[in-house]
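In case you want the letters, here they are:
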Amino acid sequence: MKLLLVEDDAELVRQLRPALKKAGYVVEHADNGVDAEFIASEEDFDGIILDLGLPQKSGLEVLKSWRVAKKNTPVVILTARDSWQEKVDGLKAGADDYIGKPFHVEELLARLEAVLRRRFGQTDNSLKYRSLVLDLDTQCVTLTDQRPSVQLTAIEFRLLRYLMTYPGKILSKTMLSEHIYEEE
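Residue positions are counted from 1 within each chain, in the order its sequence is given. Selection of residues for local features in this predicted model requires a pLDDT of at least 70, selection of side-chain atom pairs for listing and counting requires 80 or more, and totals for whole chains, interfaces and linings are taken over all residues. By convention in this description, side-chain values take in all heavy atoms of the structure and omit both hydrogens and water.

### Observations concerning the sheet that holds strand β2 (residues 26–30)
Strand pairing is defined by DSSP finding a minimum of two bridges between the two strands. Secondary structure elements follow DSSP: runs of H or I of four or more residues count as helices, runs of E of two or more count as strands, with numbering from the N terminus. In space, the 5 strands of this open sheet follow the order β2-β1-β3-β4-β5, with parallel pairing throughout. The two strands at the open ends of the sheet, each matched to only one other strand, are β2 and β5 (97–100). The sheet shows a mean angle of 20° between the axes of neighbouring strands, direction not considered. Relative to strand β4 (residues 75–79), strand β3 (residues 47–50) runs parallel, the two being bridged by 3 bridges. Paired with Leu-50 across the bridge in β4 is Ile-77. Residue contacts are defined here by distance: any two heavy atoms, one from each residue, within 4.5 Å place the two residues in contact. For helices, the fitted line uses only the C-alpha atoms of the stretch in contact; every axis is such a line through C-alpha atoms, and the angle between N-to-C directions lies from 0 to 180 degrees. Together, β1 (2–6), β2, β3 and β4 form the strand contacts of helix α1 (residues 10–22), whose direction differs from that of β2 by roughly 160°.

Shown next as structure tokens:
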């Protein structure tokens, strides 16, 4: 799964990137609203983590422009602005969830997973296709009629998760490489 992390705090980005990568995400980063708006219009993302207090263009303006352009990528707002009115404004602008800073990385990951599950019509933290079951928490795969499960490498997990998220669809080499690998 490919995420866009829109955050201008370099230290927070250094902390979040490894945690997101460990959870099986490929992460691209933008540190201002103008770049974030452009990158999301040019590339496909499975989810976006968006700060509101960005230089050049506010996160709320960026979110509104994505929604006007019919960009329906799930967005989790992660910001220091956490008054009830700002939360309401963010959700009404089209955010799927809202987390105030300070926060726990585990909560961000859990909320992100929940938003992505809803997008793909899942109810639990595993993907199932025929007799194959992929546990998103443990990053293990199991055939429903066999044990034990197999622990996947990071790339194996990202590839299988992406394929199982879009069952029956033809996925191009470009689509696969963009959603599985960190680099070009």
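From this point on, the discussion continues.
### Some thoughts on the sheet that holds strand β7 (residues 132–135)
Spatially, the 4 strands line up as an open sheet ordered β6-β7-β8-β9, and their pairing is antiparallel. Two strands in the sheet have a free side with no partner beyond their single neighbour: β6 (126–129) and β9 (150–151). Pairing geometry for β7 and strand β8 (residues 140–143), over 4 bridges, is antiparallel. Paired with Leu-132 across the two strands is Leu-143, which belongs to β8. Helix-sheet contacts for helix α6 (residues 154–165) involve β6, β7 and β8, and the interaxial angle to β7 is about 120°.

### Thoughts on the pairing of β7
Here β6 runs beside β7; their pairing, made up of 4 bridges, is antiparallel. For Leu-127, the partnering residue across the bridge sits in β7 and is Leu-134. Hairpin connection between β6 and β7: a loop of 2 residues separates the two successive antiparallel strands, and Arg-130 in this loop has a positive phi of roughly 55°. Counting the residues between successive antiparallel strands, the hairpin from β7 to β8 contains 4 residues, one of them, Gln-139, with a positive phi of roughly 60°.

### Description of unusual backbone geometry
Of the consecutive residues Lys-101 and Pro-102, the connecting peptide bond is found in the cis state with omega at 0°. Among the secondary structure elements, Pro-102 is positioned in the loop between β5 and α5 (105–119). Even without a glycine there, the phi angle at Gln-56 is positive, about 75°. Secondary-structure assignment places Gln-56 in the loop between β3 and α3 (59–68).

### Notes on the pairing of β4
With 5 of its 5 residues buried, β4 lies for the most part within the structure. Only protein chains enter the calculation, and the probe is 1.4 Å; a residue is then buried if its accessible area is under 20% of its type maximum, exposed if over 50%, and partly exposed in between. Side chains Val-75, Ile-77 and Thr-79 of β4 all project onto a buried face; the interleaved residues Val-76 and Leu-78 project onto the opposite face, where all are buried too. The definition of a right-handed crossover adopted here requires that, viewed with the strands pointing away, the path from the first strand over the helix to the second runs clockwise. Viewed along the sheet, the connection from β3 through α3 into β4 turns out right-handed. Note that β4 and β5 share 4 bridges and pair parallel. Its bridge partner being in β5, Thr-79 is matched across the sheet by Gly-100. Regarding the hand of the β-α-β motif, the stretch spanning β4, helix α4 (residues 84–92) and β5 is right-handed.

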